Amino acid sequence: MAARGRWALVGALVLAAVGAPAPAAGQSSAEVARARQVLEDYFACERTRRFAPCWPRLSKRVQADWERQGRGTVTEYAESRGAAEPRYADFRVLQIRRSPSRVVFLVEATREADRHGLPDRVEYAVLREGEQWRIDGRRVGQSETTP
């Protein structure tokens with residue numbers, strides 16, 4: 001085997017070992033892009049502090065969580081989330097993890113009041129419900145929070 005061929009084989013093995021995971025069954029790049037679009041829509045709600053448009057983007061489980069907290073309408077959710085801290089201004093996706101029905105995005109989120117400080121690491125879980133992708137979870141640092 002020529003030297004070039006050996007290096008190509010070694011490179012392929014290294015990429016397979018440490019590269020990004022392959023898409024799960026039924027989860028093409030187009031599906032991940034659809035999940036990412038739902039996340040981008042949620043980022044728009046975070047930036048503007050207007051959360052009413054994001055209510056239909058929440059999973060049924062998350063909507064039920066809000067209902068158990070006594071905030072099960074669009075208006076109650078929007079008012080509660082709009083007043084919540086932290087307030088993020090900028091987002092940068094660092095990593096994408098895939099499973100058959102879920103995509104988890106690891107994001108650097110910059111706080112509105114502290115744009116020059118260290119960003120928070122936030123994980124957003126996007127779940128497939130039927131044909132739609134929905135926001136299903138959010139973790140800021142080690143704290144699980146309701147989106």
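A brief structural summary. (Residues numbered from 1 in each chain as written. Predicted model: local features only at pLDDT ≥ 70, side-chain atom pairs only at ≥ 80, totals over all residues. Heavy atoms only, no water.)

**Examining the overall build of the chain**
Stage number 1. Counting secondary structure elements, the chain contains four helices and five strands.
Stage number 2. When the helices and strands of the chain are read in sequence order from the N terminus, they spell out α-α-α-α-β-β-β-β-β.
Stage number 3. Out of the 147 residues in the chain, the part that is buried amounts to 34%.
Stage number 4. Residue pairs at least 24 apart in sequence account for 50% of intrachain contacts in the chain once pairs closer than 6 positions are excluded.
Stage number 5. Surface exposure of the chain reaches about 8700 Å², of which carbon and sulfur atoms provide 53%. (Helix = DSSP H or I, 4+ residues; strand = E, 2+ residues; numbered from the N terminus. Buried < 20%, exposed > 50% of the residue type's maximum accessible area, 1.4 Å probe, protein only. Contact = heavy atoms within 4.5 Å. Areas by Shrake-Rupley, 256 points an atom, 1.4 Å probe, with all protein chains shown as cover.)

**So, the pattern of salt bridges**
Stage number 1. Tallied over the full model, the rule gives 18 salt bridges.
Stage number 2. Its salt-bridge partner being arginine 36, residue glutamate 40 comes within 3.2 Å of it at the nearest N-O pair. Of the two residues, glutamate 40 and arginine 36 are both situated in helix α2 (residues 29-48); the distance of four residues between them amounts to about one turn of the helix.
Stage number 3. Relative accessible area serves as the criterion here: at 27%, glutamate 40 is assigned to the partly exposed category.
Stage number 4. Exposure remark for arginine 36: the relative accessible area of 32% places this residue in the partly exposed category. (Salt bridge = Lys/Arg side-chain N within 4 Å of Asp/Glu carboxyl O.)

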